[in-house]
Amino acid sequence: LMAATEEASRGKFPMPSILVSAFRAGRQRLRAMLTLGLMYAAGFLLILAVSTLIDGGVLAGLYLGTGEPLSREVLEAPAFQTALWVSAALYIPFSLMFWHAPALVHWHDISPLKSLFFSLIACLKNFWALTIYGLAWLGLLMLTSMVVAIGSTMLGGPEFATASLVPLAMLLAAMFTTSIYFTFRDTFDPQQSPSVEQAK
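As a starting point, this report considers the structure included with it. Note that this is a predicted model, so its numbers are computed, not measured. (Residues numbered from 1 in each chain as written. Predicted model: local features only at pLDDT ≥ 70, side-chain atom pairs only at ≥ 80, totals over all residues. Heavy atoms only, no water.)

With that settled, the discussion passes to the overall build of the protein. Counting secondary structure elements, the protein contains 10 helices and zero strands. Across the protein, helices and strands are ordered from the amino to the carboxyl terminus as α-α-α-α-α-α-α-α-α-α. The buried share of the protein, taken over its 200 residues, is 34%. Put simply, 62% of the contacts in the protein that link residues at least 6 apart link residues at least 24 apart. For the protein, the accessible area works out to roughly 12500 Å², and carbon and sulfur atoms hold 71% of it. (Helix = DSSP H or I, 4+ residues; strand = E, 2+ residues; numbered from the N terminus. Buried < 20%, exposed > 50% of the residue type's maximum accessible area, 1.4 Å probe, protein only. Contact = heavy atoms within 4.5 Å. Areas by Shrake-Rupley, 256 points an atom, 1.4 Å probe, with all protein chains shown as cover.)

A few words on the packing of helix H6 (residues 78–99) against helix H8 (residues 112–125). Orientation of H6 relative to H8, taken along the N-to-C sense of each, is 110 degrees, at an axis distance of 6 Å. Taken together, the axes of H6 and H8 lie roughly perpendicular to each other. H6 and H8 meet at a crossing whose hand is right-handed. Taken together, the residues of H8 that come into contact with H6 (itself represented by Pro93, Leu96, Met97, Phe98 and Trp99) are Ser115, Leu116, Ser119, Leu120 and Cys123. Considering only residue class, the contact of H6 with H8 consists of eight nonpolar, two polar and no charged. (Axes fitted to C-alpha atoms, helices over the stretch in contact; angles between N-to-C directions. Parallel < 35°, antiparallel > 145°, perpendicular 65-115°, else oblique. Left-handed = near helix turned anticlockwise from the far one by under 90°. Nonpolar A, V, L, I, M, F, W, Y, C, P; charged D, E, K, R; others polar.)

All chains considered together, the criterion is met by two salt bridges. In this structure, the salt-bridge partner of Asp109 is Arg29, at a minimum N-O distance of 3.6 Å. Placement of the pair is Asp109 in the loop between helix H7 (101–108) and H8 and Arg29 in helix H3 (residues 27–55), with a sequence separation of 80 residues. (Salt bridge = Lys/Arg side-chain N within 4 Å of Asp/Glu carboxyl O.)

This part is about a nonpolar patch on the surface. Residues Leu135, Leu138 and Met142 make up a contiguous nonpolar surface patch of about 310 Å² in total accessible area. Within the secondary structure layout, Leu138 lies in helix H9 (residues 127–155). (Patch = residues over 30% accessible without salt bridge, like charges linked within 9 Å, V, L, I, M, F, W, Y side chains within 5 Å.)

In this section: H6. An ideal rise of 1.5 Å per residue puts 32 Å on 22 residues; H6 measures up with 31 Å between its terminal C-alpha atoms. Where H6 bends most, at Tyr91, the angle is about 25 degrees, and the proline Pro93 comes one to four residues later. The complete set of buried residues in H6 reads Phe80, Ala83, Ser87, Phe94, Ser95, Leu96, Phe98 and Trp99. (Expected span 1.5 Å × (residues − 1). Bend = angle between axes of the 7 residues up to and from the residue.)

Among the structural elements, Val148 can be located in helix H9. Overall, the relative accessible area of 7% leaves Val148 in the buried class. In this structure, the C-alpha to C-alpha distance between Val148 and Leu168, residues 20 residues apart in sequence, is 9.3 Å.

Right, let's get into the packing of aromatic side chains. Summed over all chains, the structure comprises 17 aromatic pairs. Ring geometry for Trp99 and Phe176: centres 6.0 Å apart, planes at 75 degrees, overall edge-to-face. Residue Trp99 is found in helix H6, and its partner Phe176 is found in helix H10 (residues 158–185); the two are separated by 77 residues along the sequence. Given the relative accessible area of 16%, Trp99 is considered buried. Each ring, one from Phe184 and one from Phe188, has its centre 5.3 Å from the other, and the planes form 40 degrees; the classification is tilted. The class for Phe184 is buried, based on a relative accessible area of 4%. Residue class for Phe188 comes out buried when judged on its relative accessible area of 2%. In this structure an aromatic cluster arises from ring pairing among Tyr40, Phe44, Tyr63, Tyr91, Phe94 and Phe98. (Phe/Tyr/Trp six-rings, centres within 6.5 Å; stacked < 30°, edge-to-face > 60°.)

Judged by nonpolar contacts, Ala32, Met33, Leu36, Phe44, Ile47, Leu48, Ala60, Phe94, Phe98, Ala101, Val105 and Leu116 together constitute the single largest core of 12 residues. For this core, the elements supplying multiple residues, two or more each, are H3, H6 and H7. Among the elements that make up this core, the one with the highest residue count is H3 (six residues). Not counting chain neighbours up to four residues away, the residues in contact with Phe98 comprise Leu36, Met39, Tyr40, Leu116 and Ser119. (Core = buried A, V, L, I, M, F, W, Y, C linked by side-chain atoms within 4.5 Å.)

Keep in mind that these numbers describe shape and distance, not what the molecule does.
Take a look at the structure:
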């Protein structure tokens, strides 16, 4: 999506083609992108498996939509809280490995494994910038939640909240995904193949 956003802004292809543009760069890059996707899926499932060992699958069931409904008892359960913190601790470095990886594969034709390494190094070198970036997004999410809560109180109760949450969530997801491109652009020189030294 980051690659598609940049190329669409240059007028290289119509907007309906954005979502598939990253797979039009030849079989080698298509294979690399699919490999990267499979690696992400496998890693994420592994994190869920670790959480299952701790809480018996409660957190994994909530995420996959196959478990018991979220309740106060579930949230306060010690095993669930431990699984949540362990999963978060594992997911943070995992997500940093994949943060810039798709863009590195698409634009610089770097192998999936190398792209994970360069992405992790770049994120660690820009740790404080990414921390501010994350806190800014957290603040925006909290502000959005407050607006929805106030609106539901003043304009129609739970029905208003339900009707407004879906479009707002889609809008925020699109904004967040697009913003990842700018973190890549400001980290790597787009005219050169990236290396550890080029990560600011």
